[in-house]
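What the coordinates show
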Amino acid sequence: MSETDNDLRELYQDMILDHGKRPRNFHVIDPADCEAVGHNPLCGDKLVLFLRVGEDGRIADAAFQGTGCAISVASASMMTEMLKGKTAAEAKKLWAYFEAVCKSNATPADMTEGLAEDDIDRLQALSGVRHYPVRVKCATLAWRTLESALDPKAVKKVATE
Ligand code: ZN
């Protein structure tokens, strides 16, 4: 690995730590067009995801609220930043890519087709959790919640426990 790669990796590690400490888009959207609740019982991470969809069908706003470990919060924070301006199909493509890199860093090239370089770098950095299998559930919680938020058949209302 070159020195530049190391620097880049450190930069992204710092970014993840920063998002974990100071999450972006950490608020309620009311009314939201899509809403879903995610829970990771293994770690105790819980979050509610809110999406507002614009006239053009693109995600105009994304936000979340909840409690959880730094990785789950950082992942949700970074995801809400990435989602803005994306269509549902583009968002699902990002999740498919992230899910794949969380399992293996050898992903088929066509999975990155059409994805922004910056989004790929961020997801690559987050996928470092694959070395800690328990943490993968934390890092993917926001994205699994997104999947249900985008499912038209899903119940969008907040579940009460
Ligand atoms: Zn967690």
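In case you missed it, the structure is sitting above this.
Remember, predicted model here, so these are calculated numbers, not experimental data.

Distances from the zinc ion to its protein donors, Cys 43 (SG), Asp 45 (OD), Asp 45 (OD), Cys 69 (SG) and Cys 138 (SG), fall within 2.2 to 2.7 Å. Counting gaps between the donor residues of the zinc ion yields the pattern C-x1-D-x23-C-x68-C. Overall, Asp 45 belongs to the buried group, its relative accessible area being 1%.

Hydrogen bonding along the main chain pairs the strands of a sheet, whether they run parallel or antiparallel. Strand order in the open sheet formed by three strands is E1-E2-E3, and the pairing between neighbours is antiparallel. Only two strands of the sheet have a single neighbouring strand rather than two, namely strand E1 (34–40) and strand E3 (59–67). In this sheet, adjacent strand axes meet at a mean angle of 15 degrees when their direction is disregarded. In terms of strand pairing, strand E2 (residues 45–53) meets E3 through eight bridges, oriented antiparallel. The partner of Leu 51 across the bridge, within E3, is Ala 62. In this fold helix H2 (residues 70–83) packs onto E2 and E3, with an angle of close to 170 degrees to the strand it touches most, E3.

Inspection of the secondary structure puts His 19 in helix H1 (residues 3–21). A distance of 2.6 Å separates polar atoms of two side chains, one belonging to His 19 and the other to Ser 77.

This part is about the pairing of E2. Relative to E2, E1 is paired through seven bridges, and the arrangement is antiparallel. Bridge pairing in E2 links Val 37 to Val 48. Linking two consecutive strands that pair antiparallel, namely E1 and E2, is a turn of four residues; a positive phi of about 95 degrees is found at Gly 44 within it. The antiparallel hairpin formed by E2 and E3 contains five residues in its connecting segment, where Gly 57 sits at a positive phi of about 85 degrees.

Another point: the environment of Ile 120. Along the chain, the position of Ile 120 falls in helix H4 (residues 117–126). The exposure class of Ile 120 is buried, given its relative accessible area of 14%. Spatially, the C-alpha atoms of Ile 120 and Tyr 97 are 8.4 Å apart, while their sequence positions differ by 23 residues. Look past the residues within four positions of Ile 120 in its chain and what remains in contact with it is Tyr 97, Thr 112 and Leu 115.

Conventions we followed
Residues numbered from 1 in each chain as written. Predicted model: local features only at pLDDT ≥ 70, side-chain atom pairs only at ≥ 80, totals over all residues. Heavy atoms only, no water. Donors = N, O, S within 2.8 Å, 3.2 Å for Na, K, Ca; no water. Buried < 20%, exposed > 50% of the residue type's maximum accessible area, 1.4 Å probe, protein only. Pairing = 2+ DSSP bridges. Helix = DSSP H or I, 4+ residues; strand = E, 2+ residues; numbered from the N terminus. Axes fitted to C-alpha atoms, helices over the stretch in contact; angles between N-to-C directions. Contact = heavy atoms within 4.5 Å. Polar contact = N/O pair within 3.5 Å; in protein donor to acceptor, adjacent residues only side chain to side chain.

Keep in mind that these numbers describe shape and distance, not what the molecule does.
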